Amino acid sequence: MSGNIYIYMLVMALVTYLIRMIPFTFIRGRIKSRTLRSFLYYVPYVTLGAMTVPAVFYATNSPVSAAAGFLTALFLSYKNKSLLTVAAGACIAVFLVELIPGVAVF
Amino acid sequence: MKSASRFQIWKKGARHGIPVALGYFAVSFAFGIQAAGIGISTVQAALLSLLNLTSAGQLASLDIIAAGGSYLTLALQQFVVNIRYMLMSASLSQNVEPSLSTGKRMTIAYGLSDEVFALSALYPKPLDPLYTYGIISVAVPGWTVGTLLGAAMGQILPARIVSALGLAIYGMFLAIIIPDAKKSRTVMAAVLAAMAGSIALRYCPGLNLIPSNYRLIVVTLAVGFVMALIAPVPEEEEKEETA
């Protein structure tokens, strides 16, 4: 490390903040183009889908336990369970599956 | 509006922030360990997390900081890694009252991580800033304290627990998208296409040459615009409140 850590921190915080702030602050009201509005409507679903697969299978100590967590979350969310229930259920599934000898290495 | 119901809205956000905070804790704990590894102090690592609130950006920054790279290099790297937030920020601008004040917009913008955006974007329109403040007030401590503990005592939390917490954020993502995908075939198509695109960009020879930082934005632009062209959102559906 040779630069000043505080300047590094401020530089990256500023860049990240401006990216997040500018569109949200300056786009006021409804966008006229229906295509653009439709695109923005799909953005959350597309980003969440793309962020989940395949990254979820690398999120734990073993793809097997991750798959168990993924399937548990799919099942619980299909049943319209709350955010907290789905997240906790997925974590518990990972924990239990990793107790099976040979699934994960610690 | 009565103060009790305003508190209820904040509380709902705070409750939805719990899985976010748990997931953040696992990820930021790992970040704290890595930050300490390149000689960043515990307090500095926590401050960095508090100021940035971005997993991919912060992890990527460690390479440049460790190598003593220039501030400009770091700024450009952060721009590339975090440019997806521009799309999310623009998307969320369609969900708030046009009259929402600049101050409130600038406050919400601080907390617009992937997860805070996702929850806020699917809150019934118009988005109440208090809901997002509620999420932020639970998620940011999770992110910051996770970093602090990871940097201070990386090896203390059992590896089994860290591993299990790794699924929290993805579980939450599914809890957000699956109920809407069940109700709408076009949303289901968008989700499946996004997953397929994401897999293709990661593994297909040729496509996997696209740097990982660009994958999300490539998938979002491609799938988002294709869906917008073949299945434009009907006016009624846009106004419908998805609870």
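These numbers were taken from a predicted model, which means no experiment stands behind them.

### Some points on the overall build of chain A
Thinking step 1. The secondary structure content of chain A amounts to four helices and zero strands.
Thinking step 2. Seen in sequence order, chain A has helices and strands lined up from the N terminus as α-α-α-α.
Thinking step 3. Taking the principal axes of its C-alpha atoms as reference, chain A extends roughly 55 × 50 × 20 Å.
Thinking step 4. Classification of the 106 residues of chain A by burial places 54% in the buried group.
Thinking step 5. Within chain A, contacts between residues separated by at least 24 positions form 43% of all contacts whose residues are at least 6 apart in sequence.
Thinking step 6. Only carbon and sulfur atoms are counted for the fraction: they give 72% of the accessible area of chain A, which is about 4,800 Å².

### Some remarks on unusual backbone geometry
Thinking step 1. Note that the residue after Val53 of chain A, namely Pro54 of chain A, is joined by a cis bond; omega there is 5°.
Thinking step 2. One can find Pro54 of chain A in the loop between α2 (34-52) and α3 (63-78).
Thinking step 3. Geometrically, the link from Lys125 of chain B to Pro126 of chain B is a cis peptide bond, its omega value of -5° lying close to zero.
Thinking step 4. In this structure, Pro126 of chain B sits in the loop between α7 (114-121) and α8 (129-153).

### Here's the deal with the domain arrangement of chain B
Thinking step 1. According to the domain assignment, chain B consists of domain 1 (3-175) and domain 2 (184-243).
Thinking step 2. Computed over C-alpha atoms, the centres of domain 1 of chain B and domain 2 of chain B are 23 Å apart.

### Let's talk about the pattern of salt bridges
All names here are of chain B.
Thinking step 1. Tallied over the entire structure, the rule returns two salt bridges over all chains.
Thinking step 2. We note a salt bridge from Arg84 to Asp114, for which the minimum N-O separation is 2.8 Å. Of this pair, Arg84 sits in helix α5 (residues 84-93) while Asp114 sits in helix α7, and the two are 30 residues apart along the sequence. Comparing Arg84 with Asp114 shows no difference in burial state: the two are buried.
Thinking step 3. For the salt bridge of Asp180 with Lys183, the shortest nitrogen-to-oxygen distance reads 3.9 Å. Here the residue Asp180 and the residue Lys183 both occupy positions in helix α10 (residues 168-183), the gap between them amounting to three residues, near one helical turn.
Thinking step 4. Asp180 sits in the buried class, given a relative accessible area of 9%.
Thinking step 5. Taking relative accessible area as the criterion, Lys183 reaches 62% and is therefore assigned exposed.

What counts as what
- Residues numbered from 1 in each chain as written.
- Chains lettered and ligands numbered in written order.
- Predicted model: local features only at pLDDT ≥ 70, side-chain atom pairs only at ≥ 80, totals over all residues.
- Heavy atoms only, no water.
- Helix = DSSP H or I, 4+ residues; strand = E, 2+ residues; numbered from the N terminus.
- Buried < 20%, exposed > 50% of the residue type's maximum accessible area, 1.4 Å probe, protein only.
- Contact = heavy atoms within 4.5 Å.
- Areas by Shrake-Rupley, 256 points an atom, 1.4 Å probe, with all protein chains shown as cover.
- Domains from an automatic or database assignment.
- Salt bridge = Lys/Arg side-chain N within 4 Å of Asp/Glu carboxyl O.

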